[in-house]
Amino acid sequence: MSKTVELQIEKSRGLVVGLRKHLSEGEGRGVTAQEIDQMEQTLSELEAANREVDRLREELAPKVKHLNEVLTQVKVAYADKKKTLKGFYPQEQWAAYGVPDKR
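Some points on the overall build of the chain
Counting its regular elements, the chain contains 3 helices and 0 strands. Counting from the amino terminus, the chain carries its helices and strands in the arrangement α-α-α. Relative to the 2.2 N^0.38 estimate, which gives 13 Å for 103 residues, the radius of gyration of the chain is 29 Å and therefore markedly larger than a compact globule would have. Buried residues in the chain amount to 11% of all 103 residues. If you average the places of the 18 positive and of the 17 negative side-chain charges in the chain, the two averages end up 12 Å apart.

Rendered as structure tokens:
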């Protein structure tokens, strides 16, 4: 759970508790039980969405790691082959091999 979302959930829960307490005491000026119910429902939706995002992050992390490993392999292979190509062919022929570099 991100700190921002976690903090907002905690603050909102505290507010709902306080509003309910004062509403039952007859001091709920300007706030209705329906509004508090709606806030609680929205807060529950936020918690559910946050759990889903956390689950997706857990699934995504190893895939991103694998992607970065493969990307590193491709970059190394590209640099190695490009270096070899530049050593064997004159600059005019590099473009034919897909190497746009110029010295």
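Focus: helix α1 (residues 3-24)
Taking 1.5 Å as the rise per residue, α1 with 22 residues should run 32 Å; its terminal C-alpha atoms sit 32 Å apart, in good agreement. Looking at the packing, one finds that the buried side of α1 touches α2 (33-88).

Digging into the pattern of salt bridges
Overall, the coordinates contain 8 salt bridges when judged by the stated rule. In this structure, the salt-bridge partner of Asp 37 is Arg 20, at a minimum N-O distance of 2.4 Å. Taken as a pair, Asp 37 in helix α2 and Arg 20 in helix α1 lie far apart in primary sequence, 17 residues in all. Exposure remark for Asp 37: the relative accessible area of 39% places this residue in the partly exposed category. Glu 40 is the partner of Arg 20 in a salt bridge, and the nearest nitrogen-oxygen pair spans 2.6 Å. Placement of Arg 20 in helix α1 and of Glu 40 in helix α2 is noted, with a sequence separation of 20 residues between them.

A short note on the confidence of the model for the chain
Of all residues in the chain, 94% have pLDDT values of 70 or greater, and the mean over the chain is 91. For the chain, helix α3 (residues 91-94) is the element with the lowest average pLDDT, namely 88, and α2 is the one with the highest, namely 95.

Structural notes on the packing of aromatic side chains
Applying the stated criterion to the full structure yields 1 aromatic pair. Residues Tyr 89 and Tyr 97 carry aromatic rings whose centres are separated by 4.8 Å and whose planes lie at 35° to one another, so their mutual orientation is tilted. Residue Tyr 97 is classed as partly exposed on the basis of its relative accessible area of 45%.

Cut-offs and rules
- Residues numbered from 1 in each chain as written.
- Predicted model: local features only at pLDDT ≥ 70, side-chain atom pairs only at ≥ 80, totals over all residues.
- Heavy atoms only, no water.
- Helix = DSSP H or I, 4+ residues; strand = E, 2+ residues; numbered from the N terminus.
- Rg over C-alpha atoms; globule rule 2.2 N^0.38 Å.
- Buried < 20%, exposed > 50% of the residue type's maximum accessible area, 1.4 Å probe, protein only.
- Lys, Arg positive; Asp, Glu negative; His and termini not counted.
- Charge placed at Lys NZ, Arg CZ, Asp CG, Glu CD.
- Expected span 1.5 Å × (residues − 1).
- Contact = heavy atoms within 4.5 Å.
- Salt bridge = Lys/Arg side-chain N within 4 Å of Asp/Glu carboxyl O.
- pLDDT = per-residue confidence, 0-100.
- Phe/Tyr/Trp six-rings, centres within 6.5 Å; stacked < 30°, edge-to-face > 60°.

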